[in-house]
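Each chain, written out:
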Amino acid sequence: MVGPPRPHPRRQRAARRYGRFAPRLRADKLHRLLERRGAPLVPAPEAPPNTPYFRTHEHPASRATVTVISTYGEYSTPRNMRPGDVYAIHLPAADTP
């Protein structure tokens with residue numbers, strides 16, 4: 001008998017430490033949470049290959065960028081994501097002395 005696949009050990013550790021994560025993170029929810037904490041995201045210039053499928057926002061204090069699905073493209077966006085979902089969060093490399 002084959003059951004559902006087991007989660008990766010790192011996911012299991014993260015779930016024990018932080019609780020369960022939703023399968024998708026909605027950009028509007030992330031924006032609201034960050035604004036409540038006084039750390040809003042601002043629109044960033046978009047690279048031409050990403051338009052119109054993705055939008056990029058930046059967190060100025062941390063220099064993190066958040067990429068959001070803007071519209072669905074059959075060959076450009078993942079099938080399991082919808083417009084308004086966070087696609088990726090990128091953090092800059094740590095500054096070294």
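One can find the structure itself at the top, above this paragraph.
Rules of the game
- Residues numbered from 1 in each chain as written.
- Predicted model: local features only at pLDDT ≥ 70, side-chain atom pairs only at ≥ 80, totals over all residues.
- Heavy atoms only, no water.
- Patch = residues over 30% accessible without salt bridge, like charges linked within 9 Å, V, L, I, M, F, W, Y side chains within 5 Å.
- Areas by Shrake-Rupley, 256 points an atom, 1.4 Å probe, with all protein chains shown as cover.
- Salt bridge = Lys/Arg side-chain N within 4 Å of Asp/Glu carboxyl O.
- Helix = DSSP H or I, 4+ residues; strand = E, 2+ residues; numbered from the N terminus.
- Buried < 20%, exposed > 50% of the residue type's maximum accessible area, 1.4 Å probe, protein only.
- Pairing = 2+ DSSP bridges.
- Core = buried A, V, L, I, M, F, W, Y, C linked by side-chain atoms within 4.5 Å.
- Contact = heavy atoms within 4.5 Å.
- Arc of directions from axis to C-beta.

## Points about a nonpolar patch on the surface
Stage number 1. A cluster of nonpolar side chains, Leu25, Ile89 and Leu91, forms an exposed patch at the surface whose accessible area comes to about 290 Å².
Stage number 2. Within the secondary structure layout, leucine 25 lies in the loop between α1 (9–18) and α2 (27–36).
Stage number 3. Here leucine 25 falls in the partly exposed class, since its relative accessible area comes to 32%.

## What about the sheet that holds strand β4 (residues 86–90)?
Stage number 1. Pairing within the open sheet is antiparallel, and its four strands lie in the order β1-β2-β3-β4. At either end of the open sheet lies a strand with only one pairing partner, and these are β1 (42–43) and β4.
Stage number 2. By the bridge criterion, two bridges tie β1 to strand β2 (residues 54–59) in an arrangement that is antiparallel. Pairing of proline 43 across the sheet is with histidine 57, part of β2.

## Remarks on the nonpolar core
Stage number 1. Core analysis: the biggest nonpolar cluster contains six residues, these being Ala27, Leu30, Leu41, Val66, Val68 and Val86.
Stage number 2. At the level of elements, α2 and β3 (64–69) are the ones that each hand at least two residues to this core.
Stage number 3. The contacts of valine 68, once residues within four sequence positions are left out, are Ala27, Tyr53, Phe54, Arg55, His57, Gly84, Asp85, Val86 and Tyr87.

## Focus on α1
Stage number 1. Counting buried positions along α1 gives zero out of 10 residues, so the element sits mostly on the surface.
Stage number 2. Just downstream of α1 lies glycine 19, where phi reads positive at about 95 degrees.

## Digging into α2
Side chains three or four residues apart in an α-helix point the same way, a direct result of the helix having 3.6 residues per turn.
Stage number 1. Within the sequence span of α2, burial applies to Ala27, Leu30 and His31. All buried residues of α2 lie within an arc of 100 degrees about the axis, which places them on one face of the element.
Stage number 2. Buried residues belonging to α2 abut β2, β3 and β4.

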